Amino acid sequence: MTRTQPRFGQISFDDTDPVGQVLSTETGSMNWEWGLEGRVGYRFCNDMQIEGVYWGIFSNDSETTVFATDLVGNLNTVFDFSPVNIGADNVNDLYDAAAAHRIRRSYEFHNIELNLLGGQLEPACGNRLAVSWLSGVRYFRLDEAFQYASADVDPVFGADPDNEAYYDIDVENNLLGFQIGGRADLSVTNSLQFYVAPKLGIYNNHISHQSRIYNANGVAVVGPGNPLAGQAFDIRTSDDVFSVMAEVDLGLNWQITHRWSANVGYRLVAITDVALSTDQIPANFADIPGVADIDSDASLLLHGAYAGVEFR
């Protein structure tokens, strides 16, 4: 699966080309990644069924480093870190005219469902079309981590930790709620069926967020002359928001034997009101309350192909 790109924004640039970018909020965005899905179920005598479902896309890590020696001018940051200091060093001084900048990112998706299925309806004229309903509870988790690091003097990260800086943003969206849906199967032959399976749910999204700027000398603090002078830039907050999630599976099922079948398909998952890491970057780094106020108005589209086998 893969996902939609985050909102674009400039991060690092060559000061001979201020409108260009060598690193941006799209750097290290999620590529196509493998995942795993499993489900187990039971059919009752009245044809009602219960199923448990898990699928996940596991830690997707990326790293991109740009070196000043590869540029025409100085390697600078678009962010104004001047309101915060680490010890005697202004954070801007650690990012502007640096030897190297690096972005690290990671993503994880986990989905758990418990569903009740039933109500299969077949037209009187034949068995080419079968329709059923679904209802259940669902938990979905999206973890996203972003790190923007600068090596001011030595381009090798870790070689001169006192002259490095790290800006970390971690967000976790935990959606828990109720969903309804259905499935329609159209038989092409006795063993081959096309199907579509939509789901729609409403969820409470509990969001956890941490933003932190630091290096080997400690955590950055708001500098003198600001109303919040002395306050640490190490912010941990949480919030609960209302989210909607929709999913559609389109696929083809092949009944190999009475008990074994195989399927291939494509899945789209759309989620509203989620918090993404780069959306938490503030305009003013002295505005600690503003950083603590989680931006959760983003939408996300996750999509990809799948294939599997089933035994009944």
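Preceding block: the structure.
Undergrad: It is not clear to me how the overall build of the protein should be interpreted in this structure. Could you clarify?
TA: The secondary structure content of the protein amounts to 2 helices and 17 strands. For the protein, the spread of C-alpha atoms along the three principal axes comes to 80 × 40 × 30 Å. A burial count over the protein gives 46% of its 312 residues as buried. In the form shown here, the protein has an accessible surface area of approximately 15200 Å², with 58% of it arising from carbon and sulfur atoms.

Undergrad: What should I look at first to understand the sheet that holds strand β2 (residues 10–14) in this one?
TA: Pairing between the strands of a sheet is mediated by backbone hydrogen bonds and can be parallel or antiparallel. An order of β3-β2-β6 is seen for the 3 strands of this open sheet, with the pairing classed as antiparallel. The strands lining the two open edges of the sheet, one partner per strand, are β3 (23–24) and β6 (75–77). As judged from the 2 bridges shared by β2 and β3, these two strands associate in the antiparallel manner. Bridging across to β3, glutamine 10 finds its partner in serine 24.

Undergrad: Could you clarify how one ought to interpret a nonpolar patch on the surface in this entry?
TA: A contiguous nonpolar patch, built from Tyr42, Phe44, Ile50, Leu114, Leu116, Trp133, Val137, Phe178, Ile180 and Leu200 and spanning about 920 Å² of accessible area, is present on the exposed surface. Residue assignment for the nonpolar patch shows that the elements contributing at least two residues are β9 (100–121), β10 (129–151) and β11 (164–187). Locating tyrosine 42 in the fold gives a position in strand β4 (residues 35–43).

Undergrad: How do you make sense of the sheet that holds strand β7 (residues 84–86) when you look at a structure like this?
TA: The 3 strands are arranged β8-β7-β14 in an open sheet whose pairing can be described as antiparallel. Of all the strands in the sheet, just β8 (89–90) and β14 (221–222) have a single pairing partner and so form its edges. Taken together, the 2 bridges between β7 and β14 define a ladder with antiparallel strand orientation. For asparagine 85, the partnering residue across the bridge sits in β14 and is valine 221.

Undergrad: What is the right way to look at the pattern of salt bridges in this model?
TA: As a working rule, side chains carrying opposite charge can pair if their charged atoms are close by. Applying the stated criterion across every chain yields a total of 19 salt bridges. Arginine 3 is paired through a salt bridge with glutamate 144; the nearest N and O atoms lie 2.4 Å apart. Pair noted here: arginine 3 is in strand β1 (residues 2–3) and glutamate 144 is in strand β10, with a separation of 141 residues, a long-range link. The class for arginine 3 is buried, based on a relative accessible area of 7%. Linking aspartate 47 and arginine 43 is a salt bridge whose minimum nitrogen-to-oxygen distance equals 3.4 Å.

Undergrad: What is the right way to read the environment of phenylalanine 81 from this model?
TA: In this structure, phenylalanine 81 sits in the loop between β6 and β7. Look at phenylalanine 81 and you get buried, because its relative accessible area is 0%. Separated by 141 residues in the primary sequence, phenylalanine 81 and valine 222 have C-alpha atoms spaced 9.8 Å apart.

Undergrad: What should I look at first to understand the pairing of β4 in this one?
TA: Here β4 runs beside strand β5 (residues 49–67); their pairing, made up of 9 bridges, is antiparallel. When the bridges of β5 are listed, glycine 38 appears paired with tyrosine 54. Here β4 folds back onto β5, and the loop between the two strands holds 5 residues, one of which, aspartate 47, carries a positive phi near 75°.

Undergrad: Sorry, what's going on with the nonpolar core here?
TA: Buried together is how nonpolar side chains tend to be arranged in soluble globular proteins. One finds Phe81, Val84, Tyr148, Tyr167, Ile213, Phe233 and Phe285 to be the most contacted residues of the largest nonpolar core, which totals 29 residues. Among the elements of the structure, β7, α1 (91–95), β10, β11 and α2 (288–292) are those that each provide at least two residues to this core. Setting aside residues no more than four positions away along its own chain, isoleucine 213 makes contact with Phe81, Val84, Ile86, Val91, Tyr166, Tyr167, Gly218, Val219, Ala220, Phe233 and Phe285. Core analysis: the next-biggest nonpolar cluster, separate from the first, contains 19 residues, Met1, Phe140, Leu175 and Val269 among them.

What counts and how
Residues numbered from 1 in each chain as written. Predicted model: local features only at pLDDT ≥ 70, side-chain atom pairs only at ≥ 80, totals over all residues. Heavy atoms only, no water. Helix = DSSP H or I, 4+ residues; strand = E, 2+ residues; numbered from the N terminus. Buried < 20%, exposed > 50% of the residue type's maximum accessible area, 1.4 Å probe, protein only. Areas by Shrake-Rupley, 256 points an atom, 1.4 Å probe, with all protein chains shown as cover. Pairing = 2+ DSSP bridges. Patch = residues over 30% accessible without salt bridge, like charges linked within 9 Å, V, L, I, M, F, W, Y side chains within 5 Å. Salt bridge = Lys/Arg side-chain N within 4 Å of Asp/Glu carboxyl O. Core = buried A, V, L, I, M, F, W, Y, C linked by side-chain atoms within 4.5 Å. Contact = heavy atoms within 4.5 Å.

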